[in-house]
Amino acid sequence: MINRQNRYRILPLVILVLVAEITSAQSTGSGSQIATYIIAAVALILVVFAILSISDNLMQVEAKKLGSDTTKNNFSIIPKFSELLGGPTPAYAADQPVHKLTKGHDINLVGSANKEINTEIKAKTFAVKPTNFRGLSPIPRMLVAVGDEVKAGQPLFEDKKDNRVKYVSPVSGEVAEIRRGAKRSITDVIVLGDRDLSYVTHDVPAIETATREQLVELILNSGAWTLLNERPYDVLPSPDVIPANIFISTFDTSPLAPDLGFIAKGNGAAIQKGVDVLSKLTSGDVHISLDASHAVAPPVEFTGIEGAKLHWFKGKHPAGNVGVQIHHIAPISGTNKVWTLTVESLITLGELFLSGKFKADRIIALTGSEFENPTYVKTHQGANIADLIAGNLKEGKSRIIAGDVLSGKQVSSDDFLNHTDNQITAIPEGDDYELFGWLFPVIPRPSVSKTYPNFLFKNHEFEPNTNTHGERRAFVMTGQYESIMPMDIHVQQLMKAIMANDYERMEGLGITELSEEDVALCEFACTSKQPLQKILREGLEMMREQG
Amino acid sequence: MGLIDFFEKIEHKEAKTTPAKIGKTAVDAVFTFLYSPKSTTSGGVHIRDGMDLKRTMFQVMIALQLCLAFGTYNIGHQHFVAMGQYMGFIEGFHLKLIHGVIKILPIFLVTHLVGLGIEIFFAAKKGHSVEEGFLVSGPLITLIMPPDVPLWMLAVAVAFAVIIGKEAFGGTGMNIWNVALLARVFIFFAYPTTISGDNVWVSGFETVAAGVTTEYGWMHSIFNVLFGWMGLDEFVSGGAVVNGFTGATPLALANQDGWEAVTSVYSPAQMWWGAIPGSIGETCKPLIILGMLFLIVRGIASWRIIVGAFLGAFLMGMLLNAWGATPFMTVPWYYHMWIGSMLFAIAFMATDPVTAASTNTGKWIYGFMIGFIGIIIRIVNPAYPEGWMLAILFLNTFSALIDHYVFESNMKKRLARA
């Protein structure tokens with residue numbers, strides 16, 4: 001976009017032309033009188049607007065000079081577009097800066113989880129997947145063998161290149177199986193969980209007095225290091241790198257996403273402890289983003305966090321994505337690395353420093369139209385999916401997804417949850433022909449397009465299937481991704497740059513600010529059915545290999 | 001589900017020879033047109049938006065229908081007005097409509113046979129399905145042709161536009177220039193004597209001069225039989241162009257002697273409602289505006305380009321009004337919308353997403369420049385008093401450059417942060 005100042009430079013020119021037009025019309029005596037008056041009125045409005053905006057700009061410059069423009073408040077008499085369109089700020093969010101994101105799209109689906117924990121559903125086996133950790137060699141060094149008894153928090157394997165990071169068992173029990181995939185790579189290390197878990201206990205240093213090295217050492221040895229995620233590229237961070245900032249999103253806007261406030265209930269102490277630890281690990285700040293889209297304030301577990309910077313975000317999906325939030329709080333730039341954590345990971349980290357134990361308890365939401373009873377279940381990291389969904393699925397062909405419908409992974413029922421998953425979605429498969437489906441769809445379907453009357457039924461819950469609703473085409477439409485992307489990134493051009501292996505452009509257009517989940521909504525909306533997440537990941541891997 | 005089985009059987013057959021491949025591609029195109037494919041998502045998102053390229057293109061086709069209907073009727077209307085018969089717009093309705101249909105159908109069919117034929121051939125060669133681009137290019141080409149365009153010229157032009165303009169670049173979505181306008185510009189530059197001047201805009205006459213008579217063909221006589229049964233007026237050969245009738249478009253008149261010359265022949269209301277000679281689809285302004293609004297409301301056409309183009313055209317119109325060196329320059333800027341193809345070009349040609357600028361800022365600049373340059377060419381070009389096809393093709397060429405600078409500024413901003 002042209003910035004404000006540049007736009008005003010054109011104004012005098014426009015006025016000049018309009019004045020010239022008026023005088024010429026008068027001198028010849030021809031032309032419609034009404035048209036002349038209209039032009040005069042427009043010119044007058046423009047002049048007033050110009051005076052207003054120039055003085056407004058001067059005020060902003062002054063505010064910057066005085067140093068009072070630090071909180072990104074709007075020092076202007078003219079409200080920003082986002083303020084006009086973003087709706088009113090909720091009263092509970094008045095104290096901290098509110099980011100109103102006008103772009104985005106909420107996909108309402110049938111099958112959100114009931115706010116209760118079904119205690120009857122229990123997983124028996126749990127797995128740690130080396131494939132979850134990007135950058136880990138496909139065949140890590142195993143520290144246990146099939147048949148070994150392990151405690152919760154006991155290392156199962158380690159990286160051959162950097163053995164400081166330990167990958168630990170989420171539960172205690174017997175190592176049941178080591179599954180291998182292509183080229184003998186290890187895909188799952190499966191532990192048959194005990195009924196009552198026994199934990200490896202660590203000595204916890206006092207956070208206030210401990211050095212960063214001591215904290216890092218405990219996190220590495222306890223296995224909690226694997227909870228950290230480094231951006232760009234979404235990799236496990238190196239223990240040697242100090243992150244510029246740490247970001248945690250306390251809400252998830254993706255379709256049918258679990259309510260993180262519900263999951264965090266009663267874990268206020270662990271969350272606070274986790275934040276305390278993290279703030280000693282970064283050279284910058286711990287940034288917590290809070291949801292300002294609802295009438296009710298987020299729970300006190302989040303709003304009461306101290307020692308971190310709180311940011312309110314109001315907007316539709318993907319406003320809850322941490323990548324979008326980073327873009328608006330402190331964008332990743334240059335060689336800076338930042339860390340991100342999920343709320344569950346933060347709780348586990350806090351628990352470690354409270355009790356000395358690696359407690360990887362997880363509350364998983366079973367969501368989607370194919371579940372008889374969409375609900376929350378309490379289990380541990382890496383739980384077996386078949387155990388969790390047994391007896392709960394409706395008849396018919398359905399697709400099981402670890403995660404949400406936009407960025408989750410399709411899994412077989414014999415599979416295990418990934419280490420940060422907090423949701424299983426089941427939706428019907430859509431492998432059926434549909435007569436004139438592109439023209440007169442019989443079944444309502446979610447869409448961002450205005451050619452469907454969906455905008456009239458804002459709260460309708462859709463029941464979509466996995467049909468592609470069309471075939472893959474070259475990029476034809478423009479501005480489509482950008483209209484639902486609340487980041488200043490030209491997504492389509494970035495995708496083209498990736499396809500053309502243009503490293504300079506990829507970096508310049510902001511590939512390092514993105515992760516697959518951030519472009520998932522664009523991929524959903526894409527008229528040409530392009531696989532944006534796949535393209536983006538290829539680009540990210542290319543960049544990562546380049547260093 | 002007999003039909004699906006039939007299609008699936010062909011889908012599963014392996015085509016080895018080129019004709020078989022072309023046949024299979026054609027059948028596949030029909031199949032996906034009738035039935036949404038049963039393909040499911042894999043690897044990325046698990047649900048997909050109900051929007052696809054077929055639906056997108058179909059929106060434009062809907063938006064063009066009113067123009068197409070009016071244009072068809074107007075061919076007949078101009079034809080009879082030239083002979084001084086049925087002067088009222090709805091007098092002789094059936095004759096005007098049938099004459100229009102008889103004139104427009106061959107244009108429509110030739111355009112689609114040639115265009116779709118080439119598309120299917122290339123799709124079969126490349127081994128992918130037929131892309132939907134020509135669903136829109138076809139009707140657009142029909143609508144921007146003069147009613148009496150020789151069909152062989154049309155066929156050559158369409159072939160040129162589709163092969164050189166689109167397939168050479170890789171098909172739908174890859175082309176640099178607007179395909180429909182390329183066809184038009186090819187005809188204009190390859191056969192200038194046949195296509196320009198005052199004779200092509202009114203159908204059914206060799207030249208539009210007083211005393212020239214019209215001869216109806218066998219298609220008209222078939223309908224004559226029908227009309228005879230129903231007791232309606234019939235087509236009568238031998239009707240002559242009346243004295244004082246001019247086939248000149250308002251643009252040609254304005255180019256010669258300014259706005260007074262235009263208004264001495266056509267009233268502003270007549271130009272607004274569209275009962276004037278011109279390219280088939282360009283004459284009726286309210287219907288074009290309806291189509292334009294439809295596309296904007298449905299989110300298909302970019303309102304930024306449209307608004308930008310109007311701003312550019314108005315600004316240039318005012319500037320030239322102020323200069324006023326030639327009679328054409330003194331035509332009031334707000335009347336430029338009334339004459340020629342300005343509205344049609346801005347609504348349906350400039351907004352082609354493939355050839356337009358892709359960024360929001362770029363769209364403003366692109367639209368503005370089209371309006372600005374379009375009026376310059378229209379007024380200053382002595383040879384041909386219309387500028388939109390040239391202005392749009394010119395900006396098509398530069399749209400990538402405009403975007404380039406938008407991207408550069410985005411990249412600079414990001415680098416400055418580091």
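Residues numbered from 1 in each chain as written. Chains lettered and ligands numbered in written order. Predicted model: local features only at pLDDT ≥ 70, side-chain atom pairs only at ≥ 80, totals over all residues.

A word on the overall build of chain A
Within chain A one finds 15 helices and 20 strands. At 27 Å, chain A has a C-alpha radius of gyration in line with the 24 Å of a compact globule built from 547 residues. Considering only C-alpha atoms, chain A reaches an extent of 100 × 65 × 45 Å along its principal axes. Taken across its 547 residues, chain A has 45% of its residues classed as buried. Restricting to contacts in chain A with at least 6 residues of sequence separation, those with at least 24 account for 68%. (Helix = DSSP H or I, 4+ residues; strand = E, 2+ residues; numbered from the N terminus. Rg over C-alpha atoms; globule rule 2.2 N^0.38 Å. Buried ≥ 20, exposed ≤ 12 C-beta atoms within 10 Å, placed from the backbone. Contact = placed C-beta atoms within 7 Å.)

Topic: the overall build of chain B
Along its length, chain B carries 16 helices and one strand. Taking 2.2 N^0.38 as the reference for a compact globule, 418 residues should give roughly 22 Å; the C-alpha atoms of chain B span a radius of gyration of 23 Å, in line with that estimate. For chain B, the spread of C-alpha atoms along the three principal axes comes to 70 × 65 × 35 Å. When each of the 418 residues of chain B is scored for burial, the buried share is 52%. Once local pairs closer than 6 in sequence are excluded, the contacts in chain B between residues at least 24 apart make up 73%.

A closer look at the pairing of strand S11 (residues 245–249) of chain A
Residues and elements named next belong to chain A. Within S11, five of the five residues are buried, which leaves it mostly tucked inside the rest of the structure. Residues Asn-245, Phe-247 and Ser-249 of S11 are buried on one face, and the alternating residues Ile-246 and Ile-248, pointing to the opposite face, are buried as well. Alignment of S11 against strand S12 (residues 286–291), held across four bridges, turns out to be parallel. Its bridge partner lying in S12, Ile-248 is registered against Ile-288. (Pairing = 2+ DSSP bridges.)

Focus: the nonpolar core
In this structure, A:Ile364, B:Ala183 and B:Ile392 are the most contacted members of the largest nonpolar core, which totals 228 residues. Looking at which element gives the most residues to this core, the answer is helix H3 (residues 53–82) of chain B, with twelve residues. Setting aside its immediate chain neighbours within four residues, A:Ile364 contacts A:Tyr376, A:Val377, A:Thr379, A:Ala383, A:Leu388, A:Leu417, A:Asn422, A:Gln423 and A:Ile424. The next biggest cluster of nonpolar side chains, apart from the first, holds five residues, and it includes B:Ile120, B:Phe122, B:Ala123 and B:Ala124. (Core = buried A, V, L, I, M, F, W, Y, C linked by C-beta atoms within 7 Å.)

Examining the domain arrangement of chain B
All names here are of chain B. By domain assignment, chain B separates into domain 1 (68–241) and domain 2 (248–406). Contact residues are listed per partner, giving 29 residues for domain 1 and 24 residues for domain 2. For the side of domain 1 that touches domain 2, the secondary structure elements donating two or more residues are H3, helix H5 (133–143) and helix H7 (179–190). The element best represented in the side of domain 1 that touches domain 2 is H3, accounting for seven residues. (Domains from an automatic or database assignment.)

Overview of the packing of helix H13 (residues 303–323) of chain B against helix H15 (residues 360–380) of chain B
Packed helix pairs are specified by the crossing angle of their axes together with the interaxial distance, meaning the distance between the axes. Residues and elements named next belong to chain B. In contact at an axis separation of 6 Å, H13 and H15 are set at 35° when each is read in the N-to-C sense. The handedness of the crossing between H13 and H15 is right-handed. Residues that form the contact of H13 with H15 fall into these classes: 19 nonpolar, seven polar and two charged. (Axes fitted to C-alpha atoms, helices over the stretch in contact; angles between N-to-C directions. Left-handed = near helix turned anticlockwise from the far one by under 90°. Nonpolar A, V, L, I, M, F, W, Y, C, P; charged D, E, K, R; others polar.)

A few points about the sheet that holds strand S3 (residues 125–128) of chain A
All names here are of chain A. On the basis of which strands lie adjacent, the open sheet formed by four strands has the order S3-S9-S8-S5 and antiparallel pairing. Every interior strand has two partners, whereas the edge strands, S3 and strand S5 (149–150), have only one. Pairing of S3 with strand S9 (residues 186–193) involves four bridges; the strand directions are antiparallel. Bridged to Ala-127 within S9 is Ile-190.

A word on the environment of B:Phe122
Residue and element names in this part refer to chain B. Of note, Phe-122 is situated in helix H4 (residues 93–126). Sequence spacing of Phe-122 and Gly-84 is 38 residues, and the spatial spacing of their C-alpha atoms is 48 Å. Excluding its chain neighbours within four sequence positions, the residues that come into contact with Phe-122 are Glu-167 and Gly-171.

Section: the interface of chain B and chain A
Each side of the interface is counted separately: chain B has 56 residues, and chain A has 70 residues. Contributing elements (two or more residues each) for the side of chain B that touches chain A: helix H2 (18–34), strand S1 (35–36), H3, H13, H15 and helix H16 (388–417) of chain B. Of the pairings in the sheet, the one linking strand S20 (residues 434–435) of chain A to S1(B) comprises two bridges and is antiparallel in character. Counted as the bridge partner of A:Glu434 is B:Ser36 from S1(B).

Re the environment of A:Leu509
Within the secondary structure layout, A:Leu509 lies in the loop between helix H13 (503–508) and helix H14 (516–525). For A:Leu509, a count of 25 C-beta atoms within 10 Å translates into the label buried. Linking A:Leu509 and A:Phe302, residues 207 residues apart in sequence, is a C-alpha distance of 33 Å. Apart from residues lying up to four places away in sequence, A:Leu509 is in contact with A:Ile489, A:His490, A:Gln493, A:Leu494, A:Ala497, B:Phe407, B:Asn410 and B:Met411.

Comments concerning helix H9 (residues 343–355) of chain A
All names here are of chain A. With 13 residues, H9 extends 18 Å from end C-alpha to end C-alpha; this agrees with the ideal 18 Å at 1.5 Å per step. The element H9 is largely enclosed, with a buried count of eleven among its 13 residues. Regarding H9, the residues found buried are Val-343, Glu-344, Ser-345, Leu-346, Ile-347, Thr-348, Leu-349, Gly-350, Glu-351, Leu-352 and Phe-353. Downstream of H9 by one or two residues, Gly-356 has phi in the positive range, about 80°. (Expected span 1.5 Å × (residues − 1).)

Quick notes on the sheet that holds strand S10 (residues 229–231) of chain A
Residue and element names in this part refer to chain A. One open sheet accounts for six strands, arranged S1-S13-S12-S11-S14-S10; its pairing is mixed. Only two strands of the sheet have a single partner each, and these edge strands are strand S1 (98–101) and S10. When strand polarity is set aside, the average angle formed by the axes of neighbouring strands in this sheet is 30°. With four bridges joining them, S1 and strand S13 (residues 309–315) adopt parallel strand pairing. From the neighbouring strand, His-99 faces S13, where its bridge partner is Phe-313. Against the sheet, helix H8 (residues 322–329) makes contact with S1, S11, S12, S13 and strand S14 (338–341), and its axis sits at roughly 130° relative to S11, the strand it touches most.

Points about the confidence of the model for chain B
All names here are of chain B. Averaged over all residues, the pLDDT of chain B is 89; the fraction at 70 or higher stands at 100%. Mean pLDDT in chain B bottoms out at helix H8 (residues 192–195), which sits at 77, and peaks at helix H12 (residues 285–297), which reaches 95. Both confidence scores are given for the complex: pTM 0.88, ipTM 0.91. (pLDDT = per-residue confidence, 0-100.)

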